[in-house]
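Chains, contacts and geometry: an overview
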Amino acid sequence: MTRRTALVTGGASGIGAEIVRQTVADGFHVISLDRIRPADARPGVTDLVCDLFDAAATEAAARGIAERFAVTHFVHNAGVIRANLVEKTSAADLVALAQLHLGAAITLVQAVLPAMKANGGGRIVLMCSRAALGAPTRTVYSATKAGIIGLVRTWTLELSRHGITVNAVAPGPIGGTDMFHEVLPAGDPRIAGLAASIPMKRLGTPQDVANAVRFFLSDASGFVTGQTLYV
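First, a word on scope: everything that follows refers to the structure included in this document. Everything quoted here is computed from the prediction, not taken from an experiment.

**Thoughts on the environment of A168**
Take A168: it is sitting in strand β6 (residues 164–170). Along the backbone, A168 and L126 are 42 residues apart, and their C-alpha atoms lie at a distance of 4.7 Å. Excluding its chain neighbours within four sequence positions, the residues that come into contact with A168 are L126, C128, I148, V152, F216, Q227, T228 and L229.

**Considerations on the sheet that holds strand β1 (residues 5–9)**
Strand order in this open sheet of 7 strands is β3-β2-β1-β4-β5-β6-β7, and the pairing throughout is parallel. The open sheet has two edge strands, β3 (45–49) and β7 (228–230), and neither has a second partner. Within the sheet, the average angular offset between the axes of one strand and its neighbour, ignoring direction, is 15°. With 3 bridges joining them, β6 and β7 adopt parallel strand pairing. Along β7, the bridge assignment pairs A168 with T228.

**Comments concerning the layout of surface pockets**
Each pocket or cavity is described by its volume, and for the largest pocket that value is around 1,200 Å³. Surrounding the largest pocket, 42 residues form its lining, I81, Y141, T177, M179 and F180 being those nearest its centre. Those elements that place two or more of their residues in the lining of the largest pocket are α1 (14–25), β2 (29–34), α4 (139–159), α5 (178–183) and α6 (190–196). Of the residues forming the lining of the largest pocket, the biggest block, 5 residues, is contributed by α5. Residues that form the lining of the largest pocket fall into these classes: 23 nonpolar, 10 polar and 9 charged. Quantified by volume, the second largest pocket comes out at close to 250 Å³. Along its surface, the second largest pocket is lined by 14 residues, and I198, M200, R202, G204 and V231 are the ones closest to its centre.

Scoring rules and cut-offs
- Along each chain, residue indices are assigned from 1 in the same order as the chain's sequence is written.
- Whole-chain, interface and lining totals are the exception, using all residues; otherwise, since this is a predicted model, local features are given only for residues with pLDDT of at least 70 and side-chain atom pairs are given and counted only at 80 or more.
- The side-chain figures draw on all heavy atoms in the structure; neither hydrogens nor water molecules are used.
- Helix and strand assignments follow DSSP, with helices taken as H or I runs no shorter than four residues and strands as E runs no shorter than two, numbered in order from the N terminus.
- We call two residues in contact whenever any of their non-hydrogen atoms come within 4.5 Å of each other.
- A pair of strands counts as paired when DSSP detects no fewer than two bridges linking them.
- A fitted line through C-alpha atoms represents every axis, and for helices the fit uses only the stretch in contact; the resulting angles, taken between N-to-C directions, go from 0 to 180 degrees.
- In this analysis a 1.4 Å probe is tested at points of a 1 Å grid over the protein atoms alone, and where it fits but cannot get out there is a cavity; an open set with protein on both sides within 12 Å along at least five of seven lines is a pocket; lining residues have an atom within 4 Å of a point.
- Grid points are joined across faces, edges and corners, and a volume is the space filled by probe spheres set on the points.
- Each residue is assigned to one of three groups, with Ala, Val, Leu, Ile, Met, Phe, Trp, Tyr, Cys and Pro labelled nonpolar, Asp, Glu, Lys and Arg labelled charged, and all others, Gly among them, labelled polar.

Okay, structure coming up:
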């Protein structure tokens, strides 16, 4: 794979911004697709705005990207939690997260596959979560993130013959991100207890997650596919 263009969703902040930073550093042109546009232009990055909760808007963005760019690497990082006990969980939240985590992934992969196949290979990385194994107040988040694992395994069986690998990265608690602090605000005493429960005795960082994504995007991962790596 000599032509390298990466599409990263949720690339404006948090883990996504770090994935974008590392991917640009590795010599890629990166297309970042997010609901917000970073305040400053980023060298090597084309920042596009799209609300991936909106299926029609996502389809339009996917068509536009496919027309303008030959994407060889795709990272679907965008996500939200919408934490609630099961008694308060709504069907509307399930529909919304299914579109964001699963529907958007399908739409965007369909758009970039022709270029990957023409290029003789590609990389697809989907962001899963440790919550796919179950977590309190994560009914819709856990369900849709577990669905990511199904996509990875199925697409692996369909796309390997084209030289395309498909893997998932499943972060545990990652500090310093909007998603984490929407559930546990900075300074919340529960954060220390959570960190103490982790084998490494600390929260993860965006860099920890991006490092795993970086491996799956690299040539070094060409014989690794269909996997979910917990970080």
